[in-house]
Amino acid sequence: MHQSSDRPNIGIGVRKIKYALNSFANLAFLIPAGFKVGDPPLPKFLIFFDNIPDSINTACVLHCHLPHELKEKIQWFNANMSTQYKETELERLICGETWGLCTMTSFGMGMDIPDILLVIQW
């Protein structure tokens with residue numbers, strides 16, 4: 001059997017696109033329908049994009065699926081952010097205050113965050 005990764009705890013999956021790419025509705029699976037305050041936290045995730053506007057728009061779309069009190073749990077993260085913001089948001093992700101980042105490919109270079117459960121390349 002040929003594996004594309006030498007790490008048995010990593011699985012590669014592909015999802016069929018159902019909606020227009022610019023709607024980002026194909027990523028709604030990340031947040032269960034009816035998700036509410038008090039539910040267990042979402043698995044930590046990273047979504048990588050090729051451009052900053054798509055990362056921001058996706059975070060905004062995902063916010064629409066969360067209760068108002070939890071919108072800060074999903075953020076966008078890119079080179080245009082201040083160093084202080086990036087350091088703070090990385091710490092929030094590591095400690096679990098942030099559940100997911102919509103980011104650019106460069107974010108993943110050199111990162112070692114062991115409890116990321118889902119990585120998506122958009």
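Note that the structure is predicted; figures quoted are calculated from it, not measured.

**A few points about the packing of aromatic side chains**
Within the structure shown, the criterion is met by three aromatic pairs. Ring centres of Phe24 and Phe49 lie 6.5 Å apart, and the angle between their planes is 80 degrees; on these two criteria the pair is classed as edge-to-face. With Phe24 in the segment before strand E1 (45-49) and Phe49 in strand E1, this pair connects stretches of sequence that are 25 residues apart. Of the two residues, Phe24 and Phe49, both sit in the buried class. Between the aromatic rings of Phe24 and Trp122, the centroid separation amounts to 6.0 Å while the plane-to-plane angle is 45 degrees, which identifies the pairing as tilted. Remark: Trp122 occurs in the segment after strand E4 (118-121) and Phe24 occurs in the segment before E1; sequence separation between them is 98 residues. Given a relative accessible area of 3%, Phe24 falls into the buried group. Judged by relative accessible area, Trp122 falls into the partly exposed class, the value being 23%. Between Arg15 and the ring centre of Phe29, over which it is positioned, the NZ or CZ distance is 3.7 Å.

**A few points about the nonpolar core**
Counting 18 residues, the largest nonpolar core has Leu30, Ile31, Ile47 and Leu62 as its most contacted members. Among the secondary structure elements, those contributing two or more residues to this core are E1, helix H1 (52-63) and strand E3 (100-104). Per-element accounting of this core gives the leading share, three residues, to E1. Formed by nine residues, the second largest nonpolar core is a distinct cluster that contains Leu46, Leu93, Phe107 and Ile116.

**Observations concerning the sheet that holds E1**
Strand order in the open sheet formed by four strands is E2-E3-E1-E4, and the pairing between neighbours is parallel. Unpaired on one side and paired on the other, strand E2 (74-77) and E4 mark the two borders of the sheet. The average undirected angle you get between the axes of adjacent strands in this sheet is 15 degrees. Pairing analysis gives five bridges linking E1 to E3, with the strands arranged parallel. What sits directly across from Ile47, in E3, is Cys102. On the sheet, H1 packs against E1, E2 and E3 and is oriented at approximately 175 degrees with respect to E2. Sheet strands touched by helix H2 (residues 83-95): E1, E2 and E3. Its angle to E2, the strand with the most contacts, is close to 140 degrees.

Analysis parameters
- Residues numbered from 1 in each chain as written.
- Predicted model: local features only at pLDDT ≥ 70, side-chain atom pairs only at ≥ 80, totals over all residues.
- Heavy atoms only, no water.
- Phe/Tyr/Trp six-rings, centres within 6.5 Å; stacked < 30°, edge-to-face > 60°.
- Helix = DSSP H or I, 4+ residues; strand = E, 2+ residues; numbered from the N terminus.
- Buried < 20%, exposed > 50% of the residue type's maximum accessible area, 1.4 Å probe, protein only.
- Lys NZ or Arg CZ within 6 Å of the ring centre and 35° of its normal.
- Core = buried A, V, L, I, M, F, W, Y, C linked by side-chain atoms within 4.5 Å.
- Pairing = 2+ DSSP bridges.
- Axes fitted to C-alpha atoms, helices over the stretch in contact; angles between N-to-C directions.
- Contact = heavy atoms within 4.5 Å.

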